[in-house]
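An overview of the molecular structure
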Amino acid sequence: MPQQDVERLREVSVRVFGNRYRAELMWALASADERGVCLGDLAAARNAPASVYQAPIRALVEAGLAERLTRTPGERRRWYPAQRQRRALAVS
């Protein structure tokens, strides 16, 4: 997504959700493969600190819209896939 589109999405997100990064994270989850989203990878791709996605992912996990996978031994990354049922609804 071009940076101009990312900035527009962030502006809308703060108005709608009260958080500048929640819509961006939701977009990433809906677009991700079954493995989901790694916040560090998303942050690097969007040139943002990973910490800005912590509160939004926590809220999505608590709402049952995403899940936090356990880390694979030796892996530093943590993956967050969208809940499969919710993802099927978003894609159809």
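Below is a summary of the structure that appears in this document. (Residues numbered from 1 in each chain as written. Predicted model: local features only at pLDDT ≥ 70, side-chain atom pairs only at ≥ 80, totals over all residues. Heavy atoms only, no water.)

Let's talk about the nonpolar core
Stated precisely, the cut-off is as follows: Here, nonpolar core means buried Ala, Val, Leu, Ile, Met, Phe, Trp, Tyr and Cys residues that are tied together by side-chain atoms lying within 4.5 Å of each other. Burial classes follow relative accessibility: with a 1.4 Å probe on protein chains only, a residue under 20% of its type's maximum area counts as buried, one over 50% as exposed, and anything between as partly exposed. Where helices and strands are cited, they refer to DSSP runs of H or I of at least four residues and of E of at least two residues respectively, numbered from the N terminus.
If you look at the biggest cluster of nonpolar residues, it comprises 16 residues, and the most contacted ones within it are Leu 25, Leu 29, Val 37, Leu 39, Leu 42, Tyr 53 and Ile 57. Contributing elements (two or more residues each) for this core: α2 (22-31), α3 (39-46) and α4 (54-62).

A look at the environment of Gly 74
In this structure, Gly 74 sits in the loop between α4 and β2 (79-80). A relative accessible area of 85% places Gly 74 in the exposed class. Remark: the alpha-carbon pair of Gly 74 and Val 37, spanning 37 residues in sequence, is separated by 18 Å.

Considerations on the side chain of Glu 24
For clarity, the cut-off: Under the rule applied, a polar contact is a pair of N or O atoms within 3.5 Å (in protein, one hydrogen donor and one hydrogen acceptor; residues adjacent in sequence only if both atoms are side-chain atoms).
Looking at where Glu 24 falls in the secondary structure, it is placed in helix α2. Here Glu 24 falls in the buried class, since its relative accessible area comes to 1%. Side-chain polar atoms of Glu 24 contact the side chain of Tyr 53, separated by 2.7 Å.

As for the pattern of salt bridges
The condition is simple: By convention in these notes, a salt bridge is any Lys or Arg side-chain nitrogen within 4 Å of a carboxyl oxygen on Asp or Glu.
Tallied over the entire structure, the rule returns 6 salt bridges. Between Arg 8 and Glu 11 there is a salt bridge, with its nearest N and O atoms 3.5 Å apart. With Arg 8 and Glu 11 both in helix α1 (residues 3-17) and 3 residues apart, the pair spans about one turn of that helix. By relative accessible area, Arg 8 is classed as partly exposed at 46%. A residue is classified by how much of its surface remains accessible, and Glu 11, at 35% relative accessible area, is partly exposed. Salt bridges linked by common partners bring Glu 7, Arg 10, Arg 20, Glu 24 and Arg 46 together as one network.

Regarding α3
Put simply, the rule reads: The directions considered for the arc are those from the helix axis to the C-beta atoms. Contact criterion: two residues are considered in contact whenever any of their non-hydrogen atoms come within 4.5 Å of each other.
Looking only at α3, the buried set comprises Leu 39, Leu 42, Ala 43 and Arg 46. With its buried residues spanning 100° around the axis, α3 presents them on a single face. Facing away from the buried side of α3, by more than 90 degrees, are the exposed residues Ala 44 and Ala 45. The elements touched by buried residues of α3 are α1, α2, β1 (37-38), α4 and β2. Looking one or two residues beyond α3, the residue adopting positive phi is Asn 47, at roughly 55°.

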